[in-house]
Amino acid sequence: RQEILEAAAGVFHEKGYKATSIQGIADAVGILKGSLYYYITSKEDLLFEILEDVHQQGLRNLERIEATVGTPIQRIRAFVTLHVTHNAENLVKMAVFFHDFRSLGAERRKIIVAERDLYDGHLRALIAEAQKDGGVCPDLDPKLTSIEILGMMNWIYQWYRPGGSQSTAEIAETMADFVVAGLACDPATHTP
């Protein structure tokens, strides 16, 4: 089943969900189209399972962040590092997520949106908590700030290629430094 999901993600990424046929997925796996139906009911099932897998991994990262001992700004740093690392290690699935999410039916889309909102809400809460302890400037809007941070981190699927001049860990650390520096309420660089 995992082999089918990986193959489907690859074909969705290459051709797009709408242009992908069940036959194309079967060919990528190396099985007959009829044999593929032994494992799945529909193409949308595959898309949903791929997107659900991406979200479940992300939600597990939230548990790791909650277990992190430190200030809210240190936990924001952990959030960024884990998120960027996860995205960089799952480039194909992340591309499918961002390009084909809206191809899901309404009920399945609601599930993914609820999980996305939970994830986004976690970052907003960390920003608000860091504002209370003075680590993040009070004039930043947690909602807008979290959208900006997630947008920056999520765009990695467009430009990052493994084997480049910087490792995933180096890129994650650089982005975490950038986010923390941007949030810091330092009178030398920011006047509320």
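Since the structure is predicted, the reported quantities are computational estimates derived from the model, not experimental observations.

Trainee: Would you explain the packing of aromatic side chains in this entry?
Mentor: Across all of its chains, the model carries eight aromatic pairs by this definition. Relative to Phe98, the ring of Phe97 has its centre 5.2 Å away and its plane inclined at 90°; by these criteria the two rings are edge-to-face. Using a relative accessible area of 9% as the deciding quantity, one classes Phe97 as buried. Classification of Phe98 by relative accessible area gives partly exposed; the value is 29%. Geometrically, the ring pair formed by Phe98 and Tyr157 is stacked, given 5.3 Å between the ring centres and 25° between the ring planes. In this pair, Phe98 is assigned in helix H6 (residues 91-100) and Tyr157 in helix H9 (residues 156-159), connecting sequence segments 59 residues apart. A relative accessible area of 10% means that Tyr157 is categorised as buried. An aromatic cluster of three or more residues is present, and its members are Phe97, Phe98, Phe101, Trp155 and Tyr157. A cation sits over an aromatic face here: Lys43 above Tyr17, 4.3 Å from the ring centre.

Trainee: Is there a simple way to explain the packing of helix H5 (residues 72-89) against helix H10 (residues 168-183) in this structure?
Mentor: How two helices sit against one another is set out by the angle between their axes and by the gap between those axes. In the contact formed by H5 and H10, the axes pass within 8 Å of each other and the chain directions differ by 145°. The crossing of H5 and H10 is right-handed. Along the contact surface, H5 presents Ile73, Ile76, Arg77, Val80, Thr81, Val84, Thr85 and Ala88, while H10 presents Thr168, Ile171, Ala172, Glu173, Met175, Ala176, Asp177, Val179, Val180 and Leu183. In terms of residue class, the contact of H5 with H10 is made up of twelve nonpolar, three polar and three charged.

Trainee: Please clarify how the environment of Ile73 should be interpreted in this entry.
Mentor: Relative to the assigned elements, Ile73 resides in helix H5. Put simply, Ile73 and Gly135 are 62 residues apart on the chain and 6.3 Å apart in space, counted from C-alpha to C-alpha. Filtering out sequence-adjacent residues up to four positions away, Ile73 remains in contact with Ala130, Gly135, Val136, Val180 and Leu183.

Trainee: How do you make sense of helix H8 (residues 142-154) when you look at a structure like this?
Mentor: Owing to its 3.6 residues per turn, the α-helix brings residues three or four apart onto one side. Taking 1.5 Å as the rise per residue, H8 with 13 residues should run 18 Å; its terminal C-alpha atoms sit 18 Å apart, in good agreement. Listing the buried residues of H8 in full gives Thr145, Ser146, Ile149, Leu150, Met153 and Asn154. Along the long axis of H8, the arc covered by the buried residues comes to 155°, so they all point the same way.

Trainee: Got a minute to help me understand the nonpolar core in this structure?
Mentor: Among soluble globular proteins, nonpolar side chains are generally buried collectively. With 32 residues, the main nonpolar core has Ile76, Phe79, Val80, Val84, Ile149 and Met153 as its most contacted residues. Of all the elements in the fold, those that place two or more residues in this core are helix H4 (43-66), H5, H6, helix H7 (106-132), H8, H9 and H10. Sorting elements by how many residues they give to this core places H5 first, with seven residues. Dropping the residues within four chain positions of it, Met153 is found in contact with Phe79, Val80, His83, Val84, Asn87 and Met175. Among the nonpolar cores identified, the runner-up in size contains 23 residues, and Ala8, Val29, Leu36 and Val96 belong to it.

Definitions and limits used
Residues numbered from 1 in each chain as written. Predicted model: local features only at pLDDT ≥ 70, side-chain atom pairs only at ≥ 80, totals over all residues. Heavy atoms only, no water. Phe/Tyr/Trp six-rings, centres within 6.5 Å; stacked < 30°, edge-to-face > 60°. Buried < 20%, exposed > 50% of the residue type's maximum accessible area, 1.4 Å probe, protein only. Helix = DSSP H or I, 4+ residues; strand = E, 2+ residues; numbered from the N terminus. Lys NZ or Arg CZ within 6 Å of the ring centre and 35° of its normal. Axes fitted to C-alpha atoms, helices over the stretch in contact; angles between N-to-C directions. Left-handed = near helix turned anticlockwise from the far one by under 90°. Contact = heavy atoms within 4.5 Å. Nonpolar A, V, L, I, M, F, W, Y, C, P; charged D, E, K, R; others polar. Expected span 1.5 Å × (residues − 1). Arc of directions from axis to C-beta. Core = buried A, V, L, I, M, F, W, Y, C linked by side-chain atoms within 4.5 Å.

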